[in-house]
Amino acid sequence: MVQVFSGVFEVTDIDPHGKKFDLVSRIVGNSDSVDMELTLDVNTEIYPIEINDKLTFVLVTSLEGKSTDPTQKQPYKHLEKSLADDYEYVMYGKVYKYDDDGTKVSVYCSFGGLLMCLAGDYRQLQQISTGQYLYLLMRK
């Protein structure tokens, strides 16, 4: 497992542009510890979220203890114990866009159609690249 990002985000807005889907909400959150902003689509039917919730958020390349090739899709394996057991909400997806405007970096990832944008200081996101497969792990 290679952890490429971790942080704690406070939810500041839900569906800022209106609710588009019944079971999915777009959340916006900011981190106090690092200058980062998270925009994430979440299946709120199975994982309800409210404004002011604090979310521990981690991006990793593997749920196992060993490092894997981040450009190769990982087959699902039922592991006796994995990193996912420590979190409440887990998704697997691919980085499809990486924007760098010189002062701020934005990483865009799709988790089966649920989208994420993580934006902020490039030093926090320098281990992420386009085409990389990542697990998103989250808990309150």
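This report concerns the structure included in the present document.

How each quantity is defined
Residues numbered from 1 in each chain as written. Predicted model: local features only at pLDDT ≥ 70, side-chain atom pairs only at ≥ 80, totals over all residues. Heavy atoms only, no water. Salt bridge = Lys/Arg side-chain N within 4 Å of Asp/Glu carboxyl O. Helix = DSSP H or I, 4+ residues; strand = E, 2+ residues; numbered from the N terminus. Buried < 20%, exposed > 50% of the residue type's maximum accessible area, 1.4 Å probe, protein only. Pairing = 2+ DSSP bridges. Axes fitted to C-alpha atoms, helices over the stretch in contact; angles between N-to-C directions. Contact = heavy atoms within 4.5 Å. Core = buried A, V, L, I, M, F, W, Y, C linked by side-chain atoms within 4.5 Å.

Quick word on the pattern of salt bridges
Consideration 1: The full count for this structure, using the stated rule, is seven salt bridges.
Consideration 2: The partner of lysine 140 in a salt bridge is aspartate 53, and the shortest N-O contact between them spans 3.7 Å. Taken together, the residues span a long stretch of sequence, with lysine 140 in the segment after β8 (133-139) and aspartate 53 in the loop between β3 (36-43) and β4 (54-60) at a distance of 87 residues.
Consideration 3: Among the residues examined, lysine 140 registers a relative accessible area of 46% and is labelled partly exposed.
Consideration 4: The shortest N-O distance in the salt bridge between aspartate 121 and arginine 123 comes to 2.8 Å.

Side note on the sheet that holds β8
Consideration 1: An order of β1-β2-β3-β7-β6-β5-β8-β4 is seen for the eight strands of this closed barrel, with the pairing classed as antiparallel. Averaged over all pairs of adjacent strands, the angle between strand axes in this sheet comes to 35 degrees, irrespective of strand direction.
Consideration 2: Looking at chain direction, strand β2 (residues 24-31) and β3 are connected through seven bridges and run antiparallel. From the neighbouring strand, glycine 29 faces β3, where its bridge partner is leucine 38.

A word on the environment of leucine 118
Consideration 1: Tracing the backbone through its elements, the reader meets leucine 118 in strand β7 (residues 114-120).
Consideration 2: Judged by relative accessible area, leucine 118 falls into the buried class, the value being 0%.
Consideration 3: Discounting chain neighbours no more than four positions away, the residues touching leucine 118 are Phe5, Phe9, Met36, Glu37, Leu38, Phe57, Leu59, Val105, Ser106, Val107 and Leu125.

Concerning the pairing of strand β5 (residues 89-100)
Consideration 1: With six bridges joining them, β5 and β8 adopt antiparallel strand pairing. Directly across from methionine 91, in β8, lies its bridge partner leucine 136.
Consideration 2: Judged from the six bridges that link them, β5 and strand β6 (residues 105-111) form a sheet pairing that is antiparallel. The partner of aspartate 100 across the bridge, within β6, is valine 105.
Consideration 3: Counted along the chain from β5 to the antiparallel partner β6, the turn is four residues long, and its residue glycine 102 has a positive phi close to 100 degrees.

Brief notes about the nonpolar core
One broad rule of soluble globular proteins: the nonpolar side chains tend to lie buried together.
Consideration 1: Counting residues in hydrophobic clusters, the biggest one holds 31 residues, and the most contacted among them are Leu40, Phe57, Leu59, Met116, Leu118, Leu136 and Met138.
Consideration 2: The set of elements that each furnish at least two residues to this core consists of β1 (3-14), β2, β3, β4, β5, β6, β7 and β8.
Consideration 3: Counting residues in hydrophobic clusters, the runner-up holds seven residues, among them Val60, Ala84, Tyr135 and Leu137.

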